[in-house]
Amino acid sequence: MAAPPIQQETVPWLLENGSYKVLTKEARQGHGHSHHGRTAHNMSSSSLRKKSDLTLVSKVQCGLLRSFLTNLQEVILGTKLSILFPAIPLAIAANYCNFGRPWIFALSLLALMPLAERVSFLTEQIAYFTGPTVGGLLNATCGNATELIIAIFALCQNKIDVVKFSLLGSILSNLLLVLGTSLFCGGLGTLGKQQKYDRRQADVNMLLLFLGLLCQLLPLLFRVAGGYTTVTTVAALQLSRASSIVMLVAYVVYIVFQLWTHRQLFEADEEAGEGQEEETPVIGFWSGFVWLVGMTIVIALLSEYVVATIEDASNSWGLSVSFISIILLPIVGNAAEHAGAIIFAFKDKLDISLGVALGSSCQISMFVIPVCVIVAWIAGIDMDLNFNTVETGCLAVAIITTAFTLQDGTSNYLKGLILLLCYVVIGACFFVTTTPLNQGNPMKGSVVNLGTSGSLAA
């Protein structure tokens, strides 16, 4: 009896010369995987997308105008957050018309929400054309683009506290708020049974976070043990710079591990995407690239507004800068991802939620923070990895709690609730901290950055 013919499952995957180039399933697997580098990161924000209705646009006669309008509709209206896009011109107008500074801050924060989600969408679109590995690399770099850009602008304005607070807040919000909400909602959504997930990915991420914690803990211990003298300040700074290089090396190895040697651990589940009918790119490579550059420029502009107006917003609203930086900035910057992670947890796809929360935390801890230290070093600014006593303590507790929560590979709503409550307590801690920046006695471990002011208490 003749063997049955191999079924050729065809999926249009690449646009070539304006027409679809069809790849068979086997050919796609030769390209690495059927998911053009679709990690949990992309998939979480893809849950906030909506299908664009192109019937009106398709009636436009001029080809160039039609393709431009199609792009515009896919990029601007292709997200459920598109209602927030008007905040972008409003923020720019508020800045030029000299509106109240807190207004500029609030509008800029709102405008950053859809932009962060769209950057994720555009990197995924570009990944269709570059193949899975380059797509994964793009993801790894652009995944936390908003945080990195805000941090670089804050560095340029010598607001080292804002850099440290916002990055630390991002790690805390990913580990406790996003993961906690995901486990809590997932637990409530599947009350009758226990949710399971792949522990191996979580283990790798937690190990990296512990390495990052060690690198942040040592400069602090150095300063405490040696007394706050100029000698220990210089030593802590040198240790921080050396540690940053080590962290970046570890991150590069992690990327190799994730994209090449142990790819199967990090690949988003085949069925998890729901909506695999969208396996075709909706915009071309160059238009995607141009949009990505354009959006990055807008994010940079809004980040500059956020950093410039943060103190005014703090004074006006009566909230400490540490609370705004640690709690508000990260929640807004990652809102799209957070929502996506929670949606997938409800659908019993915990691996994606974990991939988002832990992947983002690792990226900030092992990539964004050391990059900031090295950029500051190049710019002649003294930024160390000493995040002060209270902040480092919160980070350590958050990482240890998360590690214990994820150790057995199962989840329920109580675990999620405990993580959320930890976040509430940490939020309350920074809410009651009203110590103004660069004031107070650093010996008492108040929320003050010791590395910014030139004169340190001896």
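Please read these numbers as outputs of a predicted model, since none were measured by experiment.

Brief notes about a nonpolar patch on the surface
Argument step 1. A surface patch of nonpolar side chains, amounting to about 650 Å² of accessible area, comprises L188, L191, Y413, L414, I418, L421 and V424.
Argument step 2. Per-element tally for the nonpolar patch: the top contributor is helix 17 (residues 413-432), with five residues.
Argument step 3. The residue L421 is located in helix 17 in this model.

Things to note about helix 9 (residues 199-226)
Argument step 1. An ideal rise of 1.5 Å per residue puts 40 Å on 28 residues; helix 9 measures up with 40 Å between its terminal C-alpha atoms.
Argument step 2. Two residues or fewer after helix 9 comes G227, characterised by a positive phi angle close to 75 degrees.

Side note on unusual backbone geometry
Across residues other than glycine, the phi torsion is negative in most instances, and most of the peptide bonds are trans.
Argument step 1. Its identity as a non-glycine residue notwithstanding, N158 has a phi of 60 degrees, on the positive side.
Argument step 2. Here N158 lies in the loop between helix 7 (145-156) and helix 8 (160-189).
Argument step 3. Of note in this structure, N388 is not a glycine but carries a positive phi near 70 degrees.
Argument step 4. As for its placement among the helices and strands, N388 is situated in the loop between helix 15 (350-378) and helix 16 (389-405).

Brief notes about helix 8
Argument step 1. Look at helix 8: 42 Å from first C-alpha to last across 30 residues, which is about the 44 Å you get at 1.5 Å a residue.
Argument step 2. The axis of helix 8 is deflected most strongly, by about 35 degrees, at S173.
Argument step 3. Within helix 8, 27 of the 30 residues are buried, leaving the element largely enclosed by the surrounding structure.

Observations concerning the packing of helix 12 (residues 285-317) against helix 13 (residues 321-333)
Argument step 1. Packing of helix 12 against helix 13 brings their axes to within 9 Å, and their N-to-C directions diverge by 115 degrees. For the crossing formed where helix 12 meets helix 13, the hand is right-handed. Contact residues: helix 12 offers V306, I310, E311, A313, S314 and W317, while helix 13 offers V321, I324, S325 and L329.
Argument step 2. Classifying every residue of the contact of helix 12 with helix 13 gives seven nonpolar, two polar and one charged.

A few points about the environment of E304
Argument step 1. The residue E304 is located in helix 12 in this model.
Argument step 2. E304 gets classed as partly exposed once you look at its relative accessible area, which sits at 34%.
Argument step 3. The contacts of E304, once residues within four sequence positions are left out, are F153 and Q157.

Some words on the confidence of the model for the protein
Argument step 1. Taken over all residues, the pLDDT of the protein has a mean of 76, while the share at 70 or more is 77%.
Argument step 2. Below pLDDT 50 for its whole length, residues 3-37 participates in 70 contacts with residues either more than four positions away or in separate chains.
Argument step 3. Below a pLDDT of 50 lies the segment residues 436-458, which in the model reaches 44 contacts outside its immediate sequence neighbourhood of four places, other chains included.

Section: the nonpolar core
Argument step 1. Membership of the largest hydrophobic core comes to 111 residues, with the highest contact counts inside it found for L172 and C372.
Argument step 2. With 15 residues, helix 15 is the single largest residue contributor to this core.
Argument step 3. Setting aside chain neighbours within four positions, we find L172 in contact with L177, I326, C394, L395, A398, Y423 and I426.

Thresholds applied
Residues numbered from 1 in each chain as written. Predicted model: local features only at pLDDT ≥ 70, side-chain atom pairs only at ≥ 80, totals over all residues. Heavy atoms only, no water. Patch = residues over 30% accessible without salt bridge, like charges linked within 9 Å, V, L, I, M, F, W, Y side chains within 5 Å. Areas by Shrake-Rupley, 256 points an atom, 1.4 Å probe, with all protein chains shown as cover. Salt bridge = Lys/Arg side-chain N within 4 Å of Asp/Glu carboxyl O. Helix = DSSP H or I, 4+ residues; strand = E, 2+ residues; numbered from the N terminus. Expected span 1.5 Å × (residues − 1). Bend = angle between axes of the 7 residues up to and from the residue. Buried < 20%, exposed > 50% of the residue type's maximum accessible area, 1.4 Å probe, protein only. Axes fitted to C-alpha atoms, helices over the stretch in contact; angles between N-to-C directions. Left-handed = near helix turned anticlockwise from the far one by under 90°. Contact = heavy atoms within 4.5 Å. Nonpolar A, V, L, I, M, F, W, Y, C, P; charged D, E, K, R; others polar. pLDDT = per-residue confidence, 0-100. Core = buried A, V, L, I, M, F, W, Y, C linked by side-chain atoms within 4.5 Å.

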